[in-house]
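Analysis of the macromolecular model
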Amino acid sequence: MKVKVINPPNDPFSSRGILIEPIDALNVASFIAGLGHEVELVDMDIRRMPANDYTRALRGGAAYDLAVIVHDYHIPLHQDGALASVKEIARQAKAHGAAVVAGGKAATYRPEKLLDDGCIRAAIQHEMEPALESLLLADDWTDAGLRDVSGIAFRSADGNIVSSSRDKTAFDLARLPIPDRGLVALGEYIDVRTILSSRGCHMTCGFCHVPGFWGGWRGRSAASVVHEIETLLAQHGAKKILFLDDNATVSKKRMKEICRGVRERGIRVAMGCLGSLSLYDRGMMEDMYAAGFRWIHYGVESGDDGQLGAIHKKISASEARRIVAETRGIGFRVRTSWIMDLPDATEDQLKRTADMILETRTEEIRLHHLALRMGSRFYDDYPAQPSSQYIHHGRQNQNLSRMEDGRVADIVSALTRELASSHAVVTNPDEFIDMDALQSRSRNLQIASLCPLRYGLGWQA
Ligand code: SF4
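In this text the structure is predicted, and so the values were computed from the model without any measurement.

1. Thoughts on the sheet that holds strand S2 (residues 38-43)
Strands sit in the order S2-S1-S3-S4-S5-S6-S7 across an open sheet of seven strands; the sheet is mixed. If you trace the sheet from one side to the other, it starts and ends with S2 and strand S7 (161-163), each paired once. For this sheet the average axis-to-axis angle between neighbouring strands, irrespective of direction, equals 20 degrees. Here strand S1 (residues 2-7) pairs with S2 via six bridges, running parallel. Bridge assignment links Asn7 to a residue of S2, and that residue is Asp43. Contacting S1, strand S3 (66-71) and strand S4 (99-104), helix H3 (residues 82-95) runs over the sheet at an angle of about 175 degrees to S3. On top of the sheet, helix H6 (residues 128-137) reaches S1, S3, S4, strand S5 (122-124) and strand S6 (152-155); it is set at about 170 degrees to S3, its chief contact.

This is the structure in structure tokens:
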């Protein structure tokens, strides 16, 4: 089969100041290629092509059989408006005679939004590989045939949305090939290469969709991760590698094995990852530093114990303070992220958070407003709350906290004014395009950001 895997354009387009390669779409494309199909990856976001230009984006009129649209899947950069782009791309692909499938959060939780006009044949729910494998093998895409494909939704001939049964057995990550980065032009993206070394999370933070969407934590073997790191160096000259997993440090044993493998092979590259405070282990972090890890992102979210308990963060504010300090003492550059408008937050609680941010002053500080993500507990707990699926949306949620309208904004303004004495305060990701200009504002690239924050700043081996 000839297959196009599409990373749809963001709406508005993602800034070039933050754009990393679409590693989730690369994984999907490489998996399909590994099954023996001919695959092209079309990244319309980096090429700044609106959905109307999908046909032009194909660079040639060769017929193809299947379009696979990867939307808001592992990388949470697609804004709410991108959903319309998914549908327009599907409309054009169908007009080319191709079958169309889509995966990601909307396909999983709101398939009716994608299936209403009949252009997308199947919305793939949760992990895409099992359903893709079945669909690529199936010779019957009629309603009867699709009912036998686990983990999809489709619109049947009578107009109803049908969800097939879902086999909840987690996909075996050992079956994932090393992603073929040759499917994109890596030089067009920012200067940090990405790896997905695990899926899911052992935690159940109330605002987070990860455990619901991906399930419990599973990691690829240390050997395969080390092999991918070596490949990135040998084939792509990587200088910095970011583990973009939602939580790369869940298994201490596996992380230590990765570090040992990196050291034993004499691999010299700077690495970073996202990790959870609740599983912090000093010995593991020292091993990571010795292997080349230089950056970690901790989602702290709040400086108030009551709030931390309510979101199930499984850590106290004082313990989080200690871990952040210890991590920096080992030598890591640390990003912390915080949610300014958690449900039921009082002004005193938010002030405690602001105080902790000022006290810890990590090298990178990301201030968020809560996104009620489909698949999270909070999404179910606040069904009437209008919200964006975009984790970087800039609006305070109304009526969620116990503060009067405008108080969150007041406290955030006061906080960023204070942070400006030590950090460059960034409100637009385009500010990450001109790194010299940014460095003139903060020589060590200490950044406090109210928007997506570029990866790979200020760390090297
Ligand atoms: S916020 Fe992080 S630690 Fe919490 S469930 Fe999500 S991925 Fe896991």
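2. Concerning the nonpolar core
Formed by 71 residues in total, the largest nonpolar core has its most connected members in Val5, Val28, Ile32, Val68, Val101, Ile152 and Ile447. A per-element tally of this core places helix H1 (residues 23-34) first, with six residues. When residues of this core are assigned to domains, at least three fall in each of domain 1 (2-163) and domain 2 (190-449). If sequence neighbours within four positions are ignored, Ile447 has contacts with Glu363, Glu364, Ile365, His423, Ala424, Val426, Phe432, Leu438, Leu453 and Leu457.

3. A few points about the domain arrangement of the protein chain
In terms of domain boundaries, the protein chain breaks down into domain 1 (2-163) and domain 2 (190-449). Distance between the C-alpha centres of domain 1 and domain 2: 29 Å. Taken together, the contact pairs 28 residues of domain 1 with 28 residues of domain 2. Interface of domain 1 and domain 2: buried area, both sides summed, is about 2,600 Å²; carbon and sulfur atoms make up 58% of it. The interface formed by domain 1 and domain 2 includes five salt bridges. Two residues, Asp72 and Arg373, come together in a salt bridge whose shortest N-O distance is 3.0 Å. For the pair domain 1 and domain 2, the interface holds 15 residue pairs in polar contact (both at pLDDT 80 or more).

4. Here's the deal with the packing of aromatic side chains
Per the counting criterion, the structure on display carries 10 aromatic pairs. Here Phe31 and Phe171 contribute two aromatic rings whose centre-to-centre distance is 5.6 Å and whose plane-to-plane angle is 90 degrees, an arrangement assigned as edge-to-face. Taken together, the residues span a long stretch of sequence, with Phe31 in helix H1 and Phe171 in the loop between S7 and strand S8 (193-195) at a distance of 140 residues. Note on accessibility: Phe31 and Phe171 belong to one class, buried. Seen in terms of ring centroids, Trp295 and Trp459 are 6.1 Å apart; in terms of plane orientation they differ by 20 degrees. Their pairing is stacked. Taken together, the residues Trp295 in strand S13 (residues 293-301) and Trp459 in the segment after strand S17 (447-449) connect sequence positions 164 residues apart. Of the residues examined, Trp459 reaches a relative accessible area of 2% and is grouped as buried.

5. What to know about unusual backbone geometry
Cis geometry is found at the peptide bond from Asp11 to Pro12, where omega equals 0 degrees. Within the element layout of this structure, Pro12 appears in the loop between S1 and H1. The residue His126 is not glycine, and still its phi comes out positive at about 65 degrees. Its place among the elements puts His126 in the loop between S5 and H6. When its relative accessible area of 10% is taken as the criterion, His126 is described as buried.

Rules used in this analysis
- Residues numbered from 1 in each chain as written.
- Predicted model: local features only at pLDDT ≥ 70, side-chain atom pairs only at ≥ 80, totals over all residues.
- Heavy atoms only, no water.
- Pairing = 2+ DSSP bridges.
- Helix = DSSP H or I, 4+ residues; strand = E, 2+ residues; numbered from the N terminus.
- Axes fitted to C-alpha atoms, helices over the stretch in contact; angles between N-to-C directions.
- Contact = heavy atoms within 4.5 Å.
- Core = buried A, V, L, I, M, F, W, Y, C linked by side-chain atoms within 4.5 Å.
- Buried < 20%, exposed > 50% of the residue type's maximum accessible area, 1.4 Å probe, protein only.
- Domains from an automatic or database assignment.
- Buried area = accessible area lost by both parts, 1.4 Å probe.
- Salt bridge = Lys/Arg side-chain N within 4 Å of Asp/Glu carboxyl O.
- Polar contact = N/O pair within 3.5 Å; in protein donor to acceptor, adjacent residues only side chain to side chain.
- Phe/Tyr/Trp six-rings, centres within 6.5 Å; stacked < 30°, edge-to-face > 60°.

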